[in-house]
Amino acid sequence: MNDGSVHMKNLVKTYLDEHGNPSFTAVKGINLDIKDGEFMVLVGPSGCGKSTTLRMLAGLESISGGTISIGERVVNNVHPKDRGIAMVFQNYALYPHMTIFDNMAFGLKLAKKPKEFIKESVTKTAKTLGLEKMLERKPGALSGGQRQRVALGRAIVRDPKVFLFDEPLSNLDAKMRVHMRSEISRLHTQMTTTMVYVTHDQIEAMTMGDRICVMRDGSIMQVADPLTLYRQPDNIFVAGFIGSPPMNLLKGKVHKVDSGLGFVEDAQENALTIPLRGKLEKLATKYVGKPIIFGIRPEHLSDQVSDPDHVPVTAAIEISEPMGSESIVYFKAGTGNLIARVPGEHLYHPGERLTVQLNMEKVHLFDGETENVIK
Amino acid sequence: MEETKLSKWLFGILAWLVAIIIFFPIFIMMITAFKNEREAQSLSLIFLPTLESFFEVFARSNYLKYVWNSMLASIGSTLLCFLLAIPAAYRMAFYPTKKTQSTLVWMLSTKMMPAVGVLIPIYILAQTFGVLDNIVGLIIIYALINLPIAVWMSYTYFCEIPGAILEAARIDGATIWGELWHVLRPMTVPGLASTALLLIILSWNEAFWSLNLTSVNAAPLPVFIASYSSPEGLFWAKLSAASFLAVAPIMVLGWMTQKQLVRGLTFGAVK
């Protein structure tokens with residue numbers, strides 16, 4: 001009965017110009033199934049359509065094509081207040097002329113719920129968020145973090161089937177952001193309600209989501225749990241988006257090298273040549289002479305290990321960023337930078353030559369034309 | 001150091017000078033109202049104040065009827081104006097299109113045309129609909145001529161409201177009227193109040209249409225004053241007394257609400 005699952009089928013959003021002709025398609029026919037009680041994160045760069053998708057789910061934006069269902073029920077033409085949703089906005093969107101109590105009670109008052117019920121619900125929610133002493137104040141007298149908690153409280157009071165979050169932490173300072181991240185995660189564990197969370201921050205996505213939907217230009221690039229996205233990206237967009245610093249993506253071709261195949265970078269200078277053995281050799285056989293992209297994460301370039309699974313690469317350091325417990329080291333490679341996360345407190349200098357070992361078990365090969373992973 | 005003190009002084013004196021020049025005719029009118037006809041011929045500041053001109057004015061015409069008509073016309077037209085302006089401003093502020101700005105500018109441009117240019121068509125229309133010398137006709141005309149200002153000012157106040165607050169209200173269950181009443185109204189009431197004051201003052205002082213479209217029944221105060229500029233000759237004292245009676249109510253209102261008026265008139269200046 002309380003099914004908070006969400007199903008989007010061929011969902012499209014097209015904006016029309018003043019003559020009624022389609023001018024821009026923000027969401028290009030996406031299909032997404034969110035399980036009841038799941039924390040689903042929609043992540044992607046600005047303009048990828050994640051907010052538009054969320055707003056269509058909320059009923060704040062009309063749907064140009066396809067359907068959205070909450071539970072069994074198609075909600076395309078259902079008013080936001082009847083969809084069983086609640087939303088937390090980026091700028092909190094609190095009612096500045098009402099007290100905190102009235103802000104949280106507003107929805108219930110409009111629904112003509114009895115006074116005692118309203119008082120009980122609001123005070124109970126205020127207590128769980130630590131707001132019980134501020135109920136008579138107005139939003140203007142509260143800090144950013146407190147206001148965000150009020151926005152959260154306003155949503156909780158509605159007892160929705162689906163919580164919607166539109167980049168709620170973007171306006172907070174870094175420290176408050178970390179704090180609120182764990183508050184929201186804790187809320188999800190306590191309430192077991194479906195939560196759909198939009199952010200452009202991949203760290204928020206990775207730390208909070210049960211599953212993450214990576215979007216780009218109105219389409220879904222991949223939907224999976226955080227670890228799968230990290231370990232098995234379907235394409236170079238996801239590979240480069242998840243992980244900081246991002247995965248090294250080198251452009252080149254497969255050539256016959258020595259006793260097997262190798263990846264040769266497409267560059268005039270500093271071109272790397274990396275032999276492909278075993279599993280990688282098998283994947284590369286279909287691509288001899290064809291363009292591929294060689295991907296390896298900075299954390300899989302080590303300066304310590306040396307074994308048959310690792311291929312050494314020696315190059316000159318361009319920049320080094322000491323982070324304390326490790327250094328982010330930038331080498332100049334043929335078609336871009338080769339970034340390595342080198343553990344330890346050693347201070348590296350530009351111009352120094354360093355040998356790093358590439359962990360070949362963790363290499364990803366992508367088709368140079370389709371940008372999809374080679375499996 | 002001395003230079004800035006001097007320039008402050010100079011600007012201060014200049015400001016006072018301008019204020020005195022602007023206020024001077026009103027001041028003369030006010031003191032002339034308290035003179036009798038003979039003394040009114042001169043501009044002398046020394047005189048024996050008397051209320052005889054006021055008594056004559058009250059005896060000669062029904063002052064209260066004119067006040068009542070002015071009030072009806074001002075307040076009625078302002079209400080009608082808002083009824084039309086607020087939905088328009090709401091749509092333009094929260095759902096703007098490419099044509100929104102040009103529509104707003106076009107609306108304002110209609111105020112640039114001299115009223116006399118449409119005197120004849122409007123007169124004929126008023127006659128056809130039977131609203132000549134009828135307060136309803138005046139209310140409609142005043143509402144229409146003030147509409148551009150009302151839309152513009154409401155639009156600017158609405159633009160200050162973040163759209164997300166209205167969306168939050170929508171999710172909380174408000175219909176579009178609910179959004180206007182529960183959220184927009186409380187947040188924009190100070191701005192809309194200053195706009196309303198401005199419109200009331202503009203309608204109260206409006207002299208062109210009131211003189212042309214009314215005569216006896218619906219005549220507001222400008223007609224009352226004009227009736228003292230008669231072919232019999234100018235009776236300065238009575239004219240001043242009549243003017244004083246016409247202007248006094250609105251001056252009191254303006255004085256009491258000067259803070260809101262200033263805020264309303266400078267809305268665009270401080271951004």
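Residues numbered from 1 in each chain as written. Chains lettered and ligands numbered in written order. Predicted model: local features only at pLDDT ≥ 70, side-chain atom pairs only at ≥ 80, totals over all residues.

The next point concerns the packing of helix H2 (residues 100-110) of chain A against helix H4 (residues 144-157) of chain A. Residue and element names in this part refer to chain A. In contact at an axis separation of 8 Å, H2 and H4 are set at 30° when each is read in the N-to-C sense. Regarding the angle of H2 to H4, the classification is roughly parallel. Relative to H4, the crossing made by H2 is right-handed. Contacts from Ile 100, Asn 103, Met 104, Gly 107 and Leu 108 in H2 reach Val 150, Gly 153, Arg 154 and Val 157 in H4. A breakdown of the residues in the contact of H2 with H4 according to their chemical character gives five nonpolar, three polar and one charged. (Axes fitted to C-alpha atoms, helices over the stretch in contact; angles between N-to-C directions. Helix = DSSP H or I, 4+ residues; strand = E, 2+ residues; numbered from the N terminus. Parallel < 35°, antiparallel > 145°, perpendicular 65-115°, else oblique. Left-handed = near helix turned anticlockwise from the far one by under 90°. Contact = placed C-beta atoms within 7 Å. Nonpolar A, V, L, I, M, F, W, Y, C, P; charged D, E, K, R; others polar.)

For the rest of this paragraph, the subject is the nonpolar core. Counting 112 residues, the largest nonpolar core has Leu 164, Val 196 and Cys 213 of chain A as its most contacted members. Listed in part, the 51 residues of the second largest apolar core include Phe 158, Leu 192, Ala 196 and Leu 221 of chain B. (Core = buried A, V, L, I, M, F, W, Y, C linked by C-beta atoms within 7 Å. Buried ≥ 20, exposed ≤ 12 C-beta atoms within 10 Å, placed from the backbone.)

Residues and elements named next belong to chain A. Its domain assignment divides chain A into domain 1 (6-241) and domain 2 (248-367). Centre-to-centre, using C-alpha coordinates, domain 1 lies 40 Å away from domain 2. Listed as interface residues are five residues of domain 1 and, on the opposing side, five residues of domain 2. When the residues that make up the side of domain 1 that touches domain 2 are grouped by side-chain class, the tally is three nonpolar, two polar and no charged. (Domains from an automatic or database assignment.)

Another point: the sheet that holds strand E3 (residues 39-43) of chain A. As a general point, the strands of a sheet are linked pairwise by backbone hydrogen bonds and lie either parallel or antiparallel. Residues and elements named next belong to chain A. Taking strand neighbours across the sheet as the criterion, the six strands line up as E6-E7-E8-E3-E9-E10 in an open arrangement whose pairing is mixed. Both outer strands of the open sheet, strand E6 (85-88) and strand E10 (219-224), are each paired with one neighbouring strand and no more. Geometrically, the sheet is characterised by an average inter-axis angle of 20° between neighbouring strands, direction not taken into account. Here E3 runs beside strand E8 (residues 194-199); their pairing, made up of five bridges, is parallel. The residue bridging Leu 42 from the neighbouring strand is Val 198, located in E8. (Pairing = 2+ DSSP bridges.)

Residue and element names in this part refer to chain A. The buried count for E8 comes to six of six residues, which makes it a mostly enclosed element. Going residue by residue along E8, you find Thr 194, Val 196 and Val 198 tucked away on one face and Met 195, Tyr 197 and Thr 199 tucked away on the opposite face as well. With five bridges connecting them, strand E7 (residues 162-166) and E8 associate as parallel partners. The partner of Val 162 across the bridge, within E8, is Thr 194.

Contacts between the two partners involve 17 residues from chain B and, on the opposite side, 18 residues from chain A. Secondary-structure elements contributing two or more residues to the side of chain B that touches chain A are helix H8 (163-171) and helix H9 (176-205) of chain B. The greatest single-element share of the side of chain B that touches chain A, amounting to six residues, is contributed by H8 of chain B. When the residues that make up the side of chain B that touches chain A are grouped by side-chain class, the tally is nine nonpolar, three polar and five charged.

Moving on, we get to the sheet that holds strand E17 (residues 326-333) of chain A. All names here are of chain A. Spatially, five strands are ordered E15-E19-E16-E17-E18 in an open sheet, and the strand pairing comes out antiparallel. A strand with exactly one partner marks an edge of an open sheet, and here the two such strands are strand E15 (301-302) and strand E18 (336-343). As paired strands, E15 and strand E19 (residues 353-359) are joined by two bridges and run antiparallel to one another. By the bridge assignment for E19, Leu 301 is matched with Leu 358.

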